[in-house]
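Given next are the chains, with one letter for each unit.
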Amino acid sequence: MIEIRNLTKVYHAGEQDILALDDVSMAVEKGEIFGIIGLSGAGKSTLVRCVNMLEKPTRGSIIVDGQEITALDEKDLRTARQKIGMIFQHFNLLSSRTVFDNIMFPLEIAGVPVDQARKRVQSLLEVVGLTDKAEVYPSQLSGGQKQRVGIARALANEPSLLLSDEATSALDPQTTRSILRLLKEINRNMNITILLITHDMGVIKEICDRVAVIDNAKLVEIGDVMDVFSSPQTPTSRSFVGAIFNREIPEELLHRSKANNGQDIARLVRVSFIGASAGEPIISSMVRQYDIQANILYGNIDRVKDTPFGNLALELIGSPAMIDSGLAYLNDRGLEIEVLRDE
Amino acid sequence: MNEVLGIALPAWALSFWQANSWLAEALAVATWETIYMVLISTLGSYIFGLPIGIILVATEPGHILENKKVNQILGSIVNVTRSIPFIIFLILLIPFTRWVVGTYIGTIASIVPLTLAAIPFVARLVESSLKEIQWGLIEAALSMGANAWQVICKVLVPEALPSICLGVAITAINLVGYSAMAGIVGGGGLGTLAYYQGYQRYNSLVMWSTVVVLIILVQGMQMLGDILSARVAKKRR
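Described in the following lines is the structure provided in the data block. (Residues numbered from 1 in each chain as written. Chains lettered and ligands numbered in written order. Predicted model: local features only at pLDDT ≥ 70, side-chain atom pairs only at ≥ 80, totals over all residues. Heavy atoms only, no water.)

Moving on, we come to the environment of Val168 of chain B. Residues and elements named next belong to chain B. As for its placement among the helices and strands, Val168 is situated in helix 7 (residues 148–184). Look at Val168 and you get partly exposed, because its relative accessible area is 31%. A C-alpha to C-alpha distance of 29 Å links Val168 and Gly102, two positions 66 residues apart in sequence. Apart from residues no more than four positions distant in its own chain, Val168 is found in contact with Thr42 and Tyr46. (Helix = DSSP H or I, 4+ residues; strand = E, 2+ residues; numbered from the N terminus. Buried < 20%, exposed > 50% of the residue type's maximum accessible area, 1.4 Å probe, protein only. Contact = heavy atoms within 4.5 Å.)

This is how it looks when you write it as structure tokens:
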């Protein structure tokens, strides 16, 4: 759907050159929800704006739906943009127009006949659940309602791609969830590819299939959301994942003096489990099968998109050989093991 | 006959009225001339000033019609004309006014320098109104595939309309002041009345009457502008 090759963007600010994107290459598949996460100033906003050429790349090329968007002239670019919807953090609705006319706006630009356009607006109002607000001005709407108008407007010309620039960052958590649910529905029902940028790992967790992590103008990690969540490869990704899943074991637990009797040892491990295995009693069968005591120090379970995902800090007490085979048992069942302390 | 316009007056007021009744008539004519000059030149200055203001904004670096040359040239023309004091501008324009209207004296002739002097002023006012619009709105329109003309007509002007309306009131009020200056060189209106009948003939009654009428006129225009702007903005609230 989108292919980005060696994208580089340099801003000239006076004498200084600021590198916003440094040789970024990636691809977004048709029909997926792809998230780009990064801190503010990391370059993600520039990246998403390059996809519809609101920002002109310094180097590199972008292909959207088979069309090299970076090579189009002004006129063809305007036509191409009609098929790429975009929603914004601050909604960017026209205060001079009612909700109905705001959604009508892109259809006017595209030159759609009025009768047809009005019907289209009506059906979009239904999709976003704002039929009763058609004649209201944006200033009378709540943030969530404004973003719904923004979404309806972005969908007006039946795009194949929707770009989302921090669309939920100005909303409260509850509204964020409902907007994300709407985006997910749109992705499924209308088969629209979504490329979104955010600084909130919660958004990625909620709806994305794949994620790219951008740090300091560079693409540092890209992969399935589940993989990035279960084993983040870079410090940036780890801190993003840590922001919503507490992976840190409290200090006092790590250094706790443990009751030792003879040849037994205590090994502190972190067990991560994903998907189906999260529903099975694996830990208790390990404890039963091997002569190990398991002391649960800390744990959490959450959901990434629709898959359960969890994290458990265990203190295993027993003979070293037993612990080794116990951990091997867990490993065989697809759990990921990380040894935090061994004594 | 000791009543005026159906109102009975005491003797002293009646004699005052009889001595100065010409003034009421002169004031009415002069006020009408001033209103007429101001309205036409406000209209004229917007016909030219509005597009110039739009071009000044749109040709800025990074804007929809970025063009450094046009922006700089237009910007300096506006600055140069704005820096000439109106009374001098008026005199400099005499040959041009005579060429356009056939004379440089009278109400119609005054409209030419008034309009020309107000154009750069209007351009700057419009420019600052348009600059209040968040870039995000323009960006949104561009992301939908809007061309520059569509951005101007569907985003810039409608979104800035409440502010532009206030600018119209400011321009008209400024032109009331300018028209009084034009009056001194024979432009007609309240300026001519105040200068020739009031100042040169030491008639303080005439002087103060025109001042009062001007105050009312300016107040009225400001109110009209406020109401207009509020009405446009209110619809959106």
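Attention now moves to the packing of aromatic side chains. Residue and element names in this part refer to chain B. Going through the model one piece at a time under the given rule, you end up with six aromatic pairs over all chains. Aromatic pair Tyr195 and Tyr196: ring centres 5.1 Å apart, planes at 85°, arrangement edge-to-face. Tyr196 gets classed as partly exposed once you look at its relative accessible area, which sits at 33%. Connected via pairs of aromatic rings, a cluster forms that spans Tyr195, Tyr196 and Tyr199. (Phe/Tyr/Trp six-rings, centres within 6.5 Å; stacked < 30°, edge-to-face > 60°.)

What follows concerns the nonpolar core. Grouped together as the largest cluster of nonpolar side chains are 59 residues, with contacts concentrated most on Ile2 and Leu195 of chain A. Considering each element in turn, this core owes the most residues, seven residues, to helix 7 of chain B. Excluding its chain neighbours within four sequence positions, the residues that come into contact with Ile2 of chain A are Met26, Ala27, Val28, Val51, Ile62, Ile63, Val64, Leu161 and Leu195 of chain A. Listed in part, the 52 residues of the second largest apolar core include Phe91, Ile103, Met201 and Val241 of chain A. (Core = buried A, V, L, I, M, F, W, Y, C linked by side-chain atoms within 4.5 Å.)

Before going further, it helps to spend a moment on helix 1 (residues 44–51) of chain A. Residues and elements named next belong to chain A. With seven of eight residues buried, helix 1 lies mostly within the body of the structure. Taken as a whole, helix 1 has its buried residues at Lys44, Thr46, Leu47, Val48, Arg49, Cys50 and Val51. Looking one or two residues past helix 1, Met53 carries a phi angle of roughly 65°, positive in sign.

So, about the sheet that holds strand 7 (residues 161–165) of chain A. All names here are of chain A. In space, the six strands of this open sheet follow the order 6-7-8-3-9-10, with mixed pairing throughout. Looking at the sheet topology across the chains shown, the edges are occupied by strand 6 (84–88) and strand 10 (218–224). The average angle at which neighbouring strand axes cross in this sheet is 15°, direction not considered. Bridge count for strand 3 (residues 33–37) against strand 9 (residues 210–215) is four bridges, and the pairing is parallel. If you follow Gly35 over to strand 9, its bridge partner there is Val211. In the packing of helix 6 (residues 173–189) onto the sheet, contacts are made with strand 3, strand 6, strand 7 and strand 8 (193–198), and the angle to strand 8 comes to roughly 155°. (Pairing = 2+ DSSP bridges. Axes fitted to C-alpha atoms, helices over the stretch in contact; angles between N-to-C directions.)

Attention shifts here to the sheet that holds strand 4 (residues 59–64) of chain A. All names here are of chain A. Overall, antiparallel pairing links the four strands, which are arranged 2-1-4-5 in an open sheet. With partners counted over all chains shown, the strands left at the sheet margins are strand 2 (16–28) and strand 5 (67–68), one partner each. Summarising the sheet, strand 1 (residues 2–13) and strand 2 pair through nine bridges and their orientation is antiparallel. Residue His12 lies in a different strand from strand 2, and its bridge partner there is Asp17. Running over the sheet, helix 1 touches strand 1, strand 2 and strand 4 and is turned about 120° from strand 1.

A separate point is the interface of chain A and chain B. Every contact between the two is made by 23 residues of chain A and, on the other side, 20 residues of chain B. For the pairing of chain A and chain B, the buried interface totals around 2000 Å² over both sides, and the portion due to carbon and sulfur atoms is 56%. For the pair chain A and chain B, the number of links is two salt bridges. Those elements that place two or more of their residues in the side of chain A that touches chain B are helix 2 (74–81), strand 6 and helix 3 (99–110) of chain A. The dominant element in the side of chain A that touches chain B, judged by the number of residues it contributes, is helix 3 of chain A, at four residues. Its residues placed into classes, the side of chain A that touches chain B shows 10 nonpolar, seven polar and six charged. (Buried area = accessible area lost by both parts, 1.4 Å probe. Salt bridge = Lys/Arg side-chain N within 4 Å of Asp/Glu carboxyl O. Nonpolar A, V, L, I, M, F, W, Y, C, P; charged D, E, K, R; others polar.)

Before going further, it helps to spend a moment on the pattern of salt bridges. Residue and element names in this part refer to chain A. If you walk through the whole model with that rule in mind, you get 16 salt bridges over all chains. In this structure, the salt-bridge partner of Asp65 is Lys30, at a minimum N-O distance of 4.0 Å. In this pair, Asp65 is assigned in the loop between strand 4 and strand 5 and Lys30 in the loop between strand 2 and strand 3, connecting sequence segments 35 residues apart. Of the charged contacts, one joins Arg49 and Asp165 as a salt bridge, the two residues approaching to 2.7 Å between their closest N and O atoms.

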